[in-house]
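Architecture at a glance
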There are 2 protein chains.
Amino acid sequence: MHTRALNTPTAMPVSFPRSERLAPGVANPALGGNACTRCRLRQRCLPTGLSEENLREFSTLIFSPRRVKAGQALYRAGDAFDAIYLVRRGFLKSIMLGEAGREQITGFHTEGDVVGIDAIGSERRTTEMVALEDSEVCGIPYARLEDMSRHIPALQRYLHRQLSEEIVRNHSMMFLLGTMRAEERLASFLLSLSERLTARGFSPSEFILRMTREEIGSFLGMKLETVSRAFSKFQREGMILVESKHVRLLDPEALQRLIGRQAQPQ
Amino acid sequence: MHTRALNTPTAMPVSFPRSERLAPGVANPALGGNACTRCRLRQRCLPTGLSEENLREFSTLIFSPRRVKAGQALYRAGDAFDAIYLVRRGFLKSIMLGEAGREQITGFHTEGDVVGIDAIGSERRTTEMVALEDSEVCGIPYARLEDMSRHIPALQRYLHRQLSEEIVRNHSMMFLLGTMRAEERLASFLLSLSERLTARGFSPSEFILRMTREEIGSFLGMKLETVSRAFSKFQREGMILVESKHVRLLDPEALQRLIGRQAQPQ
DNA sequence: ATAGTGCTTTGACGCAGATCAACCCTAGCA
DNA sequence: TGCTAGGGTTGATCTGCGTCAAAGCACTAT
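Quick caveat: nothing in here was measured; it's all calculated off a predicted structure. (Residues numbered from 1 in each chain as written. Chains lettered and ligands numbered in written order. Predicted model: local features only at pLDDT ≥ 70, side-chain atom pairs only at ≥ 80, totals over all residues. Heavy atoms only, no water.)

1. Points about the overall build of chain A
To keep it simple, the criterion reads: For the purposes of this entry, the term helix denotes a DSSP run of H or I that reaches at least four residues, the term strand denotes a run of E that reaches at least two, and both are numbered from the N terminus. Burial classification: accessible surface area is computed with a 1.4 Å probe over protein chains only, and a residue below 20% of its type maximum counts as buried, one above 50% as exposed, and the rest as partly exposed. Note on areas: Shrake-Rupley, 1.4 Å probe, and residue coverage restricted to the protein chains presented here.
Helix and strand counts for chain A stand at 8 helices and 9 strands. Counting every position in chain A, which comprises 266 residues, the buried fraction comes to 52%. Total accessible area computed for chain A in this model is approximately 12,400 Å², and 50% of it derives from carbon and sulfur atoms.

What follows is the structure in structure tokens.
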């Protein structure tokens, strides 16, 4: 039995027990050039089922990694759509802007995620993508990806699967926003975050939030004060430990129950 | 200046002035067999830019129209995903089912819409599609569509555009559910309904709602009573005329303003 | 040290919308 | 003709969450 890496290399608050950081699954942590075949994320980000030859061909598509500093935008609403991106490192948010200065965060993204796929088939970006911490992404020019996916069926399936997953995620969010109350939303958020981090080889029960209470609120359709109160309540009831951005899930089943119960009367 | 067709062939309530029904844009209203080239919806539902030859090839894909009676499901959650559908006639809703018997309507669909595309790339349906009135859909087996789109670029683009539009619609819904208050949601709903019907050659300002207050509420994340009150208020303020399912927009700009204003304080 | 800034927490209060309930209308049907 | 069921409207009341405000904490700059 061993602890898995926290989703951060930075120091923990002193009052919190520090978890050990392990190598995230792949033996060679040194990043190579931009050749996908040597990338540490190869298992997670590339289409599966490509032949060696196809994989090499696919690698030629990819721009060398681009850095996006915390606070900077990878793209903005209105920009021409010409590429999708694989997140290689870091954490980003996608934002939708509406009239009257209203805006909403429509997603958070971290390593291994495909981002910017939502504008596929359109001319321009309708959302913008901003880094919450220093990040690195690999761009794939869309026109060439479209071409290549015509003669590599596995690539076509990969693309369609990414699109499908985006749609399914969106449906889940619509469901969350349309039917859940504040505490259910936050519980759901925490559990899904935990799942995603687990899939990336991090600890399922302990993590660092990369976003503010206000950003969580924007994503979940509630105000930052409500987010904060829900965190405090979960802590009071022993379901989580929270200290500012550091969260530990003590009783995920309780969070799950909190979402599941409370069906409509009879 | 002439009036356009209402989105129904049925009789109007007597107290409402009846609009004239005109032919919906295409000269020959008699439906042919299942040959797309003779379908009255050809302009709206088929990929544009196909050569005559490609169009004939595409037509061979399509199953002959399938009828779905009001209340019946076209597919259910858990069904194998094997086809997408073009709505040829009628009106349907898609529903997402959650734990504890909760459910939410994620979309309404009418003629010319592509439905069932959300499960692309997955094995099984995650939502279900139920007809609100007697409907007709043309199925397209997905595996063959995927194949064919590899050698017909216009078809590939068409597919990607459909997926993109689905994603953009979902984002708009997330924005609506996450940032708008009840009256704004309903105003937004009415305007978007009006737009969609206009694009199909119906009257932009007068239409029949095919769904109940409860279904509108489910879609917009509010209770049926709140929907009803918002309708009444809009009518009191002279923005719409509403009599049960029959709606006329008297002042669309006012509805638009209702959404636009009310930014967050400074 | 000190001040300033951004983020978080917590309390007090108010309101939008949910809930509960009564009643109406229409359609279908015995 | 009357009964029933489903849908819609409206009123009264309740409550979850937004709003407003104050204060604390961690960082950074000076």
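2. A short note on the protein's contact with DNA strand D
This is how it is decided: Residues are counted as near a molecule or strand when any one of their heavy atoms sits within 4 Å of it. Side-chain atoms alone can form a polar contact between residues adjacent in sequence; in general such a contact is a pair of N or O atoms within 3.5 Å, and within protein one must be able to donate a hydrogen while the other accepts it. Only Asp, Glu, Lys and Arg are considered charged in this grouping, and only Ala, Val, Leu, Ile, Met, Phe, Trp, Tyr, Cys and Pro are considered nonpolar; every other residue, Gly among them, is considered polar.
The local shell around DNA strand D holds 17 residues, among which Ala 182 and Thr 226 of chain A together with Arg 213, Ser 232 and Lys 245 of chain B are the closest. A share of 64% is what sugar and phosphate atoms reach among the atoms of DNA strand D within 4 Å of the protein. A distance of 2.8 Å separates a phosphate oxygen of DNA strand D from a polar backbone atom of Ala 182 of chain A. In the model, a base oxygen of DNA strand D is placed 2.9 Å from a nitrogen or oxygen of the Arg 229 of chain A side chain. A class-by-class count of the residues in the surface near DNA strand D yields 3 nonpolar, 6 polar and 8 charged.

3. Observations concerning the interface of chain B and chain A
Size of an interface, as often reported, equals the accessible area lost when the parts are brought together. Rules: For this analysis, residues touch if any pair of their heavy atoms sits within 4.5 Å. Defined in terms of a 1.4 Å probe, buried area is the accessible area two parts forfeit on being brought together, summed over both. Throughout this description, the term salt bridge denotes a Lys or Arg side-chain nitrogen within 4 Å of a carboxyl oxygen of Asp or Glu.
Contacts between the two partners involve 49 residues from chain B, matched on the other side by 49 residues from chain A. Of the roughly 4,400 Å² buried between chain B and chain A on both sides combined, carbon and sulfur atoms contribute 57%. Our enumeration of links across chain B and chain A arrives at 2 salt bridges. The residue Glu 184 of chain A makes a salt bridge to Arg 102 of chain B at a minimum N-O spacing of 3.1 Å. Our enumeration of links across chain B and chain A arrives at 25 residue pairs in polar contact (both at pLDDT 80 or more). No other element matches helix H4 (residues 153-179) of chain B, which puts 20 residues into the side of chain B that touches chain A. Looking at the side of chain B that touches chain A residue by residue, the classes come out as 18 nonpolar, 20 polar and 11 charged.

4. Notes on the pattern of salt bridges
Residues and elements named next belong to chain B. Evaluation of the coordinates by the stated rule reveals 32 salt bridges over all chains. In this structure, Arg 40 and Glu 111 form a salt bridge, with 3.6 Å as the shortest nitrogen-oxygen distance. Placement of the pair is Arg 40 in the segment before helix H1 (42-45) and Glu 111 in the loop between strand E4 (103-110) and strand E5 (114-115), with a sequence separation of 71 residues. Among the residues examined, Arg 40 registers a relative accessible area of 17% and is labelled buried. With relative accessibility at 9%, the residue Glu 111 sits in the buried group. In this structure, the salt-bridge partner of Glu 128 is Arg 76, at a minimum N-O distance of 2.6 Å.

5. Comments concerning the domain arrangement of chain A
All names here are of chain A. As a reminder of what qualifies: Residue ranges labeled as domains rest on an automatic or database domain assignment.
Under the domain assignment, chain A is made up of domain 1 (18-174) and domain 2 (181-258). Each of domain 1 and domain 2 has a C-alpha centre, and the two are 25 Å apart. Between domain 1 and domain 2, the contact holds 19 residues from the first and 14 residues from the second. Counting each side, the surface lost to burial between domain 1 and domain 2 is near 1,500 Å², with a carbon and sulfur contribution of 57%. By the criterion of area lost to domain 2, the three top residues of domain 1 are Ile 105, Phe 108 and Met 173, representing 34% of everything that side buries. Across the pair Glu 215 and Lys 93 runs a salt bridge, and its minimum N-O distance is 2.9 Å. Where domain 1 touches domain 2, the interface holds 8 residue pairs in polar contact (both at pLDDT 80 or more). Contributing elements (two or more residues each) for the side of domain 1 that touches domain 2: strand E3 (83-97), strand E4 (103-110) and strand E6 (127-141). For the side of domain 1 that touches domain 2, the element with the highest residue contribution is E4, accounting for 8 residues.

6. Quick word on the relation of the copies chain B and chain A
Applied cut-off: Superposing copies: least-squares fit, C-alpha atoms only, residues required to have pLDDT of at least 70 in both.
When chain B is fitted to chain A, the best match, at an RMSD of 0.0 Å, comes from turning it 180° and sliding it 0.0 Å along the axis. Here the transformation between the copies is reduced to the relation of a two-fold axis. Relative to the rotation axis, the closest C-alpha in chain B is found at Arg 150 of chain B, a distance of 2.3 Å. Comparing interface residues between copies, 100% of those in chain B also lie at the interface in chain A; the contact surface is shared.

7. Side note on the protein's contact with DNA strand C
Close contacts around DNA strand C come from 16 residues, with Arg 213, Ser 232 and Lys 245 of chain A together with Ala 182 and Thr 226 of chain B the closest. Close to the protein, within 4 Å, the atoms of DNA strand C belong to sugar or phosphate groups at a rate of 63%. In the environment of DNA strand C, a phosphate oxygen lies 2.5 Å from a nitrogen or oxygen atom belonging to the side chain of Ser 232 of chain A. Separating a phosphate oxygen of DNA strand C from a backbone N or O atom of Ala 182 of chain B is a distance of 2.7 Å.

8. Some points on the sheet that holds strand E8 (residues 240-243) of chain A
All names here are of chain A. The cut-off we apply is this: In this analysis, strands are considered paired if DSSP registers two or more bridges between them. Note on geometry: axes are lines fitted to C-alpha atoms, helical ones only across the stretch in contact, with angles between N-to-C directions running from 0 to 180 degrees.
Spatially, E7-E9-E8 is the arrangement adopted by the 3 strands of the open sheet, whose pairing is antiparallel. Bordering the open sheet on either side are strand E7 (206-208) and E8, each of which pairs with just one other strand. When strand polarity is set aside, the average angle formed by the axes of neighbouring strands in this sheet is 15°. Here 4 bridges tie E8 to strand E9 (residues 246-249), and the two strands are oriented antiparallel to one another. Looking at the pairing, Glu 243 lines up with His 246 of E9. Packed on one face of the sheet, helix H7 (residues 224-236) meets E8 and E9 and runs near 135° to E8.

9. As for the side chain of His 109 of chain A
Of note, His 109 of chain A is situated in strand E4. Setting aside its immediate chain neighbours within four residues, His 109 of chain A contacts Gly 90, Phe 91, Leu 92, Lys 93, Ser 94, Val 115, Met 129 and Arg 196 of chain A.

10. Side note on the packing of aromatic side chains
Residue and element names in this part refer to chain A. In plain terms, the rule: Between 30 and 60 degrees the pair is tilted, below 30 it is stacked and above 60 it is edge-to-face, where a pair is any two Phe, Tyr or Trp rings, Trp via its six-membered ring, whose centres lie within 6.5 Å. Cation placement over rings: the criterion is NZ of Lys or CZ of Arg within 6 Å of the ring centroid and within 35° of the ring normal.
This model, assessed by the stated rule, comprises 12 aromatic pairs over all chains. A connected cluster of aromatic rings, assembled from ring pairs, spans Phe 91, Phe 108, Phe 189 and Phe 219. A cation sits over an aromatic face here: Arg 125 above Tyr 75, 3.8 Å from the ring centre.

11. Regarding the pairing of strand E6 (residues 127-141) of chain B
Residue and element names in this part refer to chain B. Judged by how many residues are buried, E6 sits mostly within the fold: 13 of 15 residues are covered. Pairing geometry for strand E1 (residues 66-68) and E6, over 3 bridges, is antiparallel. Residue pairing for E6: Arg 66 is matched across the bridge by Val 137. Alignment of strand E2 (residues 73-75) against E6, held across 2 bridges, turns out to be antiparallel. The residue bridging Ala 73 from the neighbouring strand is Val 130, located in E6.

12. Brief notes about the sheet that holds strand E7 (residues 206-208) of chain B
All names here are of chain B. Taken in spatial order, the 3 strands make up an open sheet running E7-E9-E8, and their pairing is antiparallel. Strands with a single pairing partner mark the edges of an open sheet, and in this sheet they are E7 and strand E8 (240-243). This sheet shows a mean twist of 15° between the axes of neighbouring strands, independent of strand direction. Bridging between E7 and strand E9 (residues 246-249) involves 3 bridges; their strand directions are antiparallel. Within E9, the position partnered with Glu 206 by the bridge is Arg 248.

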